[in-house]
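# Geometric and topological summary
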Amino acid sequence: MSAETPEDVQRVEEAVANPEVLKGLIEALSDGSRRGRQQAAKVIAGVAAVNAELLVPYASDLVDALERPEAQTRWECLDALTQMVPLDAKACEKAVLGAEAALFDEDSGPLRLAAMRFLCKLGATTEARSTKVWSLIDEGIQCYHGDLEFQDMLLAVIDFSQGKLDGSVKEALADRMRFDSTNGKGMLKRRATQILENVS
């Protein structure tokens, strides 16, 4: 969730406690107002961090919200979906297309990072899903190498590397990280080395 204000915290608590408030927030995701959608998505991401189970019935609404034009609504919904993966990965899988569009959004670093986190979390759940999302994760690693969000993206890739990956994905991920493991410096080298060790 983006920087929390006391009002945000209160709204999250209300939404967790009252199903009608939560339902209203979900409906606001398809509202005509950009600001209304952003505010609702921010609170929904907060709810996901507290109790993602409450959002499982609304997975399709969150997937649909990835079509909204503004970056914040999309990254907050991706954050919520990432929290929901362990509870209903099948429903979250429908967000892959929206996450792909978000991953290659040229204007928003937080949106790209949220997409990478989601894809890594989903891909770690089964060998089949790891194969399905690997090409996107791989392209993200190549595209954003050296960008501001890249170190945080690598943390998501570390988690991915500890998941239930297909053998071919493990090999490809090892190949992708080998250069940074050998030639990188500092944190980049350490994280690349850790990923290599996880898939070896």
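Every value quoted in this text rests on a predicted model; they were computed, and no experiment measured them.

## So, the pattern of salt bridges
A full pass over the atoms with the stated rule returns 10 salt bridges. Residue Asp-105 is joined to Arg-74 by a salt bridge in which the shortest nitrogen-to-oxygen separation is 3.4 Å. With Asp-105 in the loop between α7 (96–103) and α8 (109–123) and Arg-74 in helix α5 (residues 71–84), this residue pair connects regions lying 31 residues apart in the sequence. Just as Asp-105 is buried, Arg-74 falls in that class too. Through salt bridges that share partners, Glu-93, Arg-129 and Lys-132 make up one connected network.

## Regarding helix α12 (residues 186–199)
End to end, α12 covers 21 Å across 14 residues, agreeing with the expected 20 Å (1.5 Å per residue, within 8%). What α12 keeps buried is the set Leu-188, Arg-191, Ala-192, Ile-195, Leu-196 and Val-199. The arc that holds every buried residue of α12, seen down its axis, measures 140°, which confines them to one face. Residues of α12 that are exposed and angled more than 90 degrees away from the buried face: Arg-190 and Glu-197.

Cut-offs used in this document
Residues numbered from 1 in each chain as written. Predicted model: local features only at pLDDT ≥ 70, side-chain atom pairs only at ≥ 80, totals over all residues. Heavy atoms only, no water. Salt bridge = Lys/Arg side-chain N within 4 Å of Asp/Glu carboxyl O. Helix = DSSP H or I, 4+ residues; strand = E, 2+ residues; numbered from the N terminus. Buried < 20%, exposed > 50% of the residue type's maximum accessible area, 1.4 Å probe, protein only. Expected span 1.5 Å × (residues − 1). Arc of directions from axis to C-beta.

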